Structures are given as structure tokens and as C-alpha cells.
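The residues making up each chain are set out below.
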Amino acid sequence: MAAVAGRVSSGAPEGETSLPANAPPPFSREEDLSAYRSMLLIRRFEEKAGQMYGMGLIGGFCHLYIGQEAVVVGMQMAAKDGDQVITGYRDHGHMLACGMDPRGVMAELTGRRGGYSHGKGGSMHMFSKEKAFYGGHGIVGAQVSLGTGLGLANWYREDGKVSMTYFGDGAANQGQVYESFNMAELWKLPVVYVIENNRYAMGTSVARASAQTDFSKRGTSFNIPGEQVDGMDVRSVREAAGRAIEFARNGNGPYILEMQTYRYRGHSMSDPAKYRSKDEVTKMREERDPIEMIRKRLLETHKVGEDEIKSLDGKVREIVNDAAEFATHDREPDPSELWTDILLEA
């Protein structure tokens, strides 16, 4: 079982694991710029989605990824074309990191025909086979067995692809997760299980909900290796992702990555998050924000000018504003869409 040699205090709530201390390998100027743009796009998109939800333009559930951007961006930086992504309902960031069109994602959130599911699915029902995104799923833990199935298909076809299967600390206690672990290890399936440990699941601290709070050890009884990763540092994520993905791709079976991350907002837009203090959230924002860490490196290490960063920020805002404008004025689905994409057995 792989392990982290040292740790530093991260301001984690009492009784919870802290972040790894190992210094990640540095990024080049181009790598930091690319990661910054991708993570900023997710942040600004989610902020806009939150605003539109508050205005009543987005209905149903809306789970924002703000604070966790480094996880999916770092994973995608290590992945190859064709590697699949499947996740739970906190999924907008994963879609954008996979290269899906912000217009199509936002239009689906507002229930418009230009959305990825033609306005019929909403936040938790978007897919893109072209971008190898196999959905954000609303049933807690359901994506784990489906992601394992993607790995089985890859193994059967011998196509060299890896299934990156995301789930949270809450879903990690689901029984189907361990059935999937057993099958994946037994057949040596190419799956990387990414546990996004944002510490509170739907609103309960992992220290109160999980007997084993080191989620990297959840595969121990199945002989699945795992490690804890600083999920707030995109460099650490990419480094660990590279090891895990290649391990799975080379026929060694599944691998578990516990991403120690943090969400700034509540579980969903309807959650006031009173189970944690404002000081805790503020401390994480000020000391561990994944985007601000890159911005600081760009300014201090890579000597990128403020004007260049402001220009990049402006371009990202233009993309998000355009997506919101499209999603606001695009037409709603025709009523006839009620009868499409339905399988009828005679």
C-alpha cells in the first residue's frame, strides 16, 4: 500500500486527516498557465451557475465544485485521449475539464434545447461520448459500479484506456463500492478510483461518519494500492494521477487516489452549511485556495505580468458570460421531446 511519508497541518477540522507535506514537482510556465485557465473557467462557471440558480433560471438540484478545481484538472493533465471520466452529481467541473462546451453545459442547467441532453436532464444527467464523459450520476455511489463497467469494457477490448471513476467521501461507505473494488482487483481492470474527500459528504464530518477516515486504505482488503493526495495543489494531483493511471493502464489493476480537498459552498445550493464555521472556510480560502496558489506562482516564479493574467481572466469571463447568455435565451425543448430517446419494447 503506497503511503505519504510526511504531512503538514492544513487547518483540517479536528479528527480529520491533514494534507501531505511532500513537495510536488514544479510546473513549467505553460503548464501553470494551462492549469490556471482550466481551473478559473470552472470557478467562474460555477459562480455564474450559482447566480443563475438564485435568479430562478436553474431549477432542481445544483451542486457546485468551487474549491475542488485542482482535482479534476490535475487528473485530466495526466490522462490520455480516450480515457473515460464518470462521476457523481457535483459534475460541472468534470465536464468542463473534459472539454465539453460551456454553452451546452449551461443550457442543460437551464433546461434549454441546446443543452447536452436537450434540456431534459439538468445538472445530473449530461453525457458526452465524444469527450469520453460518461455522466454525473444522482444516485450516491452508482457511478462506481458503472465506472468499473467501463474498465471491464476496456479490458475486454484491450484498447489501452483507463476509467477514472470519481466519488466522494460519503459515497465511499456504499456497499456497491466494495463489490466494484472486488471485481476490479479480481480481474485486474484498468480503473482509477478517485475519492474526492471534501470532508463533509452531505453535511456530516468524516470523523463522525467513517470508522476509517484514511480513504486511501479502503481497498486494503482487496489488495488495491492507494495514496492520499493534496487535492488543493494541481501539481500534486497530476503527479499522483500519472502514477495511478499508468499503473492501471499497464495491466496491474485498479488504484485508489484519495484527494484531500474542500468545497467552499454547501453540499448543494439549498444547503446553508451550518455544520462548519465561517472561520474554517475563510482559512481554507486564504491559505489553500488552489487557484490563488497558481496565480502566485505565475506572478512570482514565472514572472507573468499582471496585465497578462487580467487578460486571461477577462477571456474566461467572456466565455462564461456567453454561455449564460446562450442558456438564458435559447429555446426550451419542444413538447415532442417527451417522446424521444425512449426505448419501447413491443
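To keep things clear, this report deals only with the structure shown in the data block. (Residues numbered from 1 in each chain as written. Predicted model: local features only at pLDDT ≥ 70, side-chain atom pairs only at ≥ 80, totals over all residues. Heavy atoms only, no water.)

Attention shifts here to the overall build of the chain. Looking only at helices and strands, the chain features 11 helices and eight strands. A compact globule built from 346 residues would reach a C-alpha radius of gyration of about 20 Å, and the chain, at 20 Å, matches this within 12%. On the principal axes, the C-alpha backbone points of the chain span a range of 60 × 55 × 40 Å. Among the 346 residues that make up the chain, the fraction classed as buried is 54%. Across the chain, contacts joining residues at least 24 apart in sequence account for 75% of those joining residues at least 6 apart. Summing over all exposed atoms, the chain offers an accessible surface of approximately 15600 Å²; the carbon and sulfur share of this is 50%. Each charge class in the chain can be summarised by its mean position, and for the 41 positive and 48 negative side chains these summaries are 2 Å apart. (Helix = DSSP H or I, 4+ residues; strand = E, 2+ residues; numbered from the N terminus. Rg over C-alpha atoms; globule rule 2.2 N^0.38 Å. Buried < 20%, exposed > 50% of the residue type's maximum accessible area, 1.4 Å probe, protein only. Contact = heavy atoms within 4.5 Å. Areas by Shrake-Rupley, 256 points an atom, 1.4 Å probe, with all protein chains shown as cover. Lys, Arg positive; Asp, Glu negative; His and termini not counted. Charge placed at Lys NZ, Arg CZ, Asp CG, Glu CD.)

Time to look at the nonpolar core. Side chains that are nonpolar tend, in soluble globular proteins, to be buried together. In this structure, Met75, Val192, Ile245 and Leu257 are the most contacted members of the largest nonpolar core, which totals 68 residues. The greatest single-element share of this core, amounting to 10 residues, is contributed by helix α1 (residues 29-54). Leaving out residues up to four positions away in the same chain, Met75 has contacts with Met164, Tyr166, Val192, Val194, Val237, Ala241, Ile245, Leu257 and Met259. One finds Val144, Ala172, Val191 and Tyr193 within the second-largest nonpolar core, a separate group that totals 16 residues. (Core = buried A, V, L, I, M, F, W, Y, C linked by side-chain atoms within 4.5 Å.)

Attention now goes to the packing of aromatic side chains. A full pass over the atoms with the stated rule returns nine aromatic pairs. On the basis of an interplanar angle of 75° and a centroid distance of 6.2 Å, the ring pair of Phe181 and Phe222 is categorised as edge-to-face. Here Phe181, found in helix α6 (residues 175-186), pairs with Phe222, found in the loop between α7 (206-209) and β7 (226-230); they are 41 residues apart in sequence, far enough to count as distant. As far as the burial class goes, Phe181 and Phe222 line up, both buried. Ring plane angle 80° and centroid distance 6.5 Å describe the contact between Tyr200 and Tyr262, whose orientation is recorded as edge-to-face. With Tyr200 in the loop between β6 (191-197) and α7 and Tyr262 in the loop between β8 (255-260) and α9 (278-288), this residue pair connects regions lying 62 residues apart in the sequence. Assigned by exposure class, Tyr200 and Tyr262 land together as buried. Three or more aromatic residues joined by ring pairs make a cluster, and in this case those are Phe167, Tyr178, Phe181, Tyr193 and Phe222. (Phe/Tyr/Trp six-rings, centres within 6.5 Å; stacked < 30°, edge-to-face > 60°.)

Below, the discussion takes up the sheet that holds β6. The parallel open sheet is built from six strands, whose spatial order is β4-β3-β5-β6-β8-β7. In the strand order of this sheet, the two ends are held by β4 (133-136) and β7, each with one partner. Going from strand to strand, the sheet's axes swing by 20° on average, the running direction of each strand aside. As paired elements, strand β5 (residues 163-168) and β6 share six bridges and run parallel to each other. By the bridge assignment for β6, Ser163 is matched with Val191. Each of β3 (84-87), β4, β5 and β6 touches helix α5 (residues 142-157); the most contacted strand, β5, lies at about 170° to it. Sheet strands in contact with helix α8 (residues 234-249) are β5, β6, β7 and β8, and its direction is about 155° off that of β7. (Pairing = 2+ DSSP bridges. Axes fitted to C-alpha atoms, helices over the stretch in contact; angles between N-to-C directions.)

Turning to the environment of Lys129, a few remarks are in order. Assignment of secondary structure puts Lys129 in the loop between α4 (102-109) and β4. Between the alpha carbons of Lys129 and Gln84 there is a distance of 9.0 Å; along the sequence they are 45 residues apart.

Of all seven residues making up β6, seven are buried, and the element is well covered by its neighbours. The two faces of β6 match: Val191, Tyr193, Ile195 and Asn197 on one face and Val192, Val194 and Glu196 on the other face are all buried. Between the parallel elements β5 and β6, the chain passes through α6 in a crossover that is right-handed. (Right-handed = clockwise from strand over helix to strand, strands pointing away.)

Right, let's get into unusual backbone geometry. The phi dihedral of Glu158 falls on the positive side, at around 55°, and the residue is not glycine. Tracing the sequence through the fold places Glu158 in the loop between α5 and β5. Of note, the phi angle at Ala201 is positive, near 45°, even though the residue is not glycine. Structurally, the position occupied by Ala201 is in the loop between β6 and α7.

Counting across every chain of the model gives 19 salt bridges. The salt bridge partner of Arg297 is Asp32, with a shortest N-O separation of 2.8 Å. Of this pair, Arg297 sits in helix α10 (residues 290-300) while Asp32 sits in helix α1, and the two are 265 residues apart along the sequence. Each of the two residues, Arg297 as well as Asp32, counts as buried. The closest approach of N and O atoms between Glu47 and Arg44, which form a salt bridge, is 3.1 Å. Separated by three residues within a single helix, Glu47 and Arg44 lie in helix α1, roughly one turn from each other. Overall, Glu47 belongs to the partly exposed group, its relative accessible area being 25%. Accessibility expressed as a relative area gives 19% for Arg44, which makes it buried. Via salt bridges that share partners, Arg43, Glu69 and Asp289 belong to a single interconnected network. (Salt bridge = Lys/Arg side-chain N within 4 Å of Asp/Glu carboxyl O.)

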